[in-house]
Amino acid sequence: QVQLVESGGGLVQAGGSLSLSCVASGRSISASGMGWFRQGPGKEREFVAWITMSGATTYYADSVKGRFTISRNNAKNTVDLQMNSLKPEDTAVYYCALSSVFGFTTNSKDFGSWGQGTQVTVSS
């Protein structure tokens, strides 16, 4: 069973940047696609970004495309999310998740392991 722990959240002004990190333990994540999701206040959890096992291919929600970058280091068993040009609407709890299926997916039900989340708050 893999355990995922996110860190790096905080309070930032609009236009600022934050870097989130997800550290996995228990087993290697190198054979799994990885994703980031977020859940804003009063909203449902939504897809943010996804990365292939090798890290060669990434996908992003339209709302973050061009501003966020997902990356991974399989040797360190980590997945990161670099967030630039942050907007107040990016305020949410951000979750790292390990995919249970082969191939790209944005469906949270396809992710079998989740971290506890890290709060990101963007002030206007």
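Residues numbered from 1 in each chain as written. Predicted model: local features only at pLDDT ≥ 70, side-chain atom pairs only at ≥ 80, totals over all residues. Heavy atoms only, no water.

Description of empty space enclosed by the protein
Sizing a probe to match a water molecule and rolling it over the atoms shows the empty space that remains. Let me state the cut-off plainly: Within this scheme a cavity is a closed region of a 1 Å grid, computed over the protein atoms alone, that accommodates a 1.4 Å probe without allowing it to escape, whereas a pocket is open but has protein on both sides within 12 Å along at least five of seven lines; lining residues each have an atom within 4 Å of a point. Grid points are joined across faces, edges and corners, and a volume is the space filled by probe spheres set on the points.
Overall, the coordinates contain one cavity of 30 Å³ or more when judged by the stated rule. Here the largest cavity defines a volume of roughly 40 Å³. Taken together, Arg38, Gln39, Gly40, Lys43, Glu44, Glu46, Glu89, Thr91 and Ala92 make up the lining of the largest cavity.

Re unusual backbone geometry
What counts here: Starting at the N terminus, helices and strands are each numbered in turn, a helix being any DSSP run of H or I of at least four residues and a strand any DSSP run of E of at least two. When a residue's accessible area, from a 1.4 Å probe over protein chains only, is under 20% of the maximum for its type it is buried; when over 50% it is exposed; and in between it is partly exposed.
One non-glycine residue, Asn77, lies in positive phi territory at about 60°. Among the structural elements, Asn77 can be located in the loop between β7 (68–73) and β8 (78–83). A relative accessible area of 12% means that Asn77 is categorised as buried. Phi is positive for Ser85, close to 50°, though the residue is something other than glycine.

Details of the state of the cysteines
The condition that has to hold: The definition used for a disulfide is geometric: two cysteine sulfur atoms within 2.5 Å.
Inspection of the entire model under this criterion finds one disulfide. Two residues share a disulfide in this structure: Cys22 and Cys96, whose sulfurs sit 2.1 Å from each other. When the S-S torsion is -75°, as for the bridge of Cys22 with Cys96, the disulfide is left-handed. With Cys22 in strand β3 (residues 18–25) and Cys96 in strand β9 (residues 92–99), the pair connects residues that are 74 residues apart, well separated along the chain. This pair shows no difference in class: Cys22 is buried, exactly as Cys96 is.

What to know about the packing of aromatic side chains
Basically, it comes down to this: Only centres within 6.5 Å qualify two rings of Phe, Tyr or Trp (six-membered ring in Trp) as a pair; their planes then separate them into stacked at under 30 degrees, edge-to-face at over 60, and tilted for everything else. Any Lys NZ or Arg CZ that is within 6 Å of a ring centre and within 35 degrees of that ring's normal is treated as a charge sitting over the ring.
Going through the model one piece at a time under the given rule, you end up with nine aromatic pairs. Relative to Trp114, the ring of Tyr95 lies with its centre 6.4 Å away and its plane at 80°, an arrangement referred to as edge-to-face. In this pair, Tyr95 is assigned in strand β9 and Trp114 in strand β10 (residues 111–114), connecting sequence segments 19 residues apart. We classify Tyr95 as buried; its relative accessible area is 12%. According to the relative accessible area criterion, Trp114 is partly exposed, its value standing at 26%. Taken together through their ring pairs, the aromatic side chains of Phe37, Phe47, Trp50, Tyr59, Tyr95, Phe104, Phe111 and Trp114 make up a single cluster. One residue, Arg45, lies across the ring of Tyr95, its end atom 3.9 Å from the ring centre. Above the plane of the ring of Trp114 lies Arg45, whose end atom (NZ or CZ) is 4.6 Å from the centre.

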